[in-house]
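Breakdown of the fold
Spelled out from the first residue to the last, the chains are:
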Amino acid sequence: DVKVTQSSRYLVKRTGEKVFLECVQDMDHENMFWYRQDPGLGLRLIYFSYDVKMKEKGDIPEGYSVSREKKERFSLILESASTNQTSMYLCASSFQGPRNTGELFFGEGSRLTVL
Amino acid sequence: GNSVTQMEGPVTLSEEAFLTINCTYTATGYPSLFWYVQYPGEGLQLLLKATKADDKGSNKGFEATYRKETTSFHLEKGSVQVSDSAVYFCALTGNFNKFYFGSGTKLNVKP
């Protein structure tokens, strides 16, 4: 069964802390994504990666960075967490090219609270 | 640019009622359109999709038709169940890499 696993369901951090959110997929997908979900705003793309060590900025990259050292793993990093980064973070993955049916596969989400 | 607008919720219905959730889009070119569903405590999952004008996507009793003339992709179900209670997201993509999501519509179905 297809699986995208996010390392933490719930995190509580303090302002200024460095935060790592990990995502692992077992489907050999080339594309991986990090979204932020906020009420009334839907999903907004933070970063996107189409290959190992490759990344592209999404719509709201400020305050975030990402790392993709292995195909199956995509990490989101908050260098210095702030209260306005309190949110639900969703990781997703998909194939590229002919195997891409347009379907994104999502993890269950990581709810981050920054105090 | 690309964007998706969907009706605000929450939508509250009784079991067996008819459901419509409106979705309109703005896009350059010829996007593919999707409905994703998020059940409580879970990530999003694909509900249905349509890749060209006049296509109808369907799944689990839900349907949506890609209407280019009205730039719409409204979600419908003839008879909702309590188990359909969830948040529904309309989305589009032009290249299957970057997706644009609507703000989500929460559906509550009461027995």
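Throughout what follows, the structure given in this document is the object of discussion.

The rules we used
Residues numbered from 1 in each chain as written. Chains lettered and ligands numbered in written order. Predicted model: local features only at pLDDT ≥ 70, side-chain atom pairs only at ≥ 80, totals over all residues. Heavy atoms only, no water. Helix = DSSP H or I, 4+ residues; strand = E, 2+ residues; numbered from the N terminus. Rg over C-alpha atoms; globule rule 2.2 N^0.38 Å. Buried < 20%, exposed > 50% of the residue type's maximum accessible area, 1.4 Å probe, protein only. Contact = heavy atoms within 4.5 Å. Areas by Shrake-Rupley, 256 points an atom, 1.4 Å probe, with all protein chains shown as cover. Lys, Arg positive; Asp, Glu negative; His and termini not counted. Charge placed at Lys NZ, Arg CZ, Asp CG, Glu CD. Disulfide = S-S within 2.5 Å.

Turning our attention to the overall build of chain B. Of regular secondary structure, chain B possesses 0 helices and 12 strands. Counting helices and strands in the order they occur from the N terminus, chain B gives β-β-β-β-β-β-β-β-β-β-β-β. A compact globule built from 111 residues would reach a C-alpha radius of gyration of about 13 Å, and chain B, at 13 Å, matches this within 12%. Oriented by its inertia axes, the alpha-carbon framework of chain B measures out at about 45 × 25 × 20 Å. Taking all 111 residues of chain B together, 45% fall into the buried category. A separation threshold of at least 6 residues defines the contact pool for chain B, and within that pool the share at least 24 residues apart is 55%. In the structure as shown, chain B presents an accessible area of about 5,200 Å², 47% of it carried by carbon and sulfur atoms. Counting 10 positive and 10 negative side-chain charges, chain B places the averaged centre of each group 6 Å from the other.

Moving on to the state of the cysteines. Residues and elements named next belong to chain B. Enumeration over the complete set of coordinates arrives at 2 disulfides over all chains. At a sulfur-sulfur separation of 1.9 Å, the disulfide partner of Cys23 is Cys90. As the torsion about the S-S bond is roughly -70 degrees, the Cys23-Cys90 disulfide counts as left-handed. Pair noted here: Cys23 is in strand 4 (residues 23-26) and Cys90 is in strand 10 (residues 86-93), with a separation of 67 residues, a long-range link.

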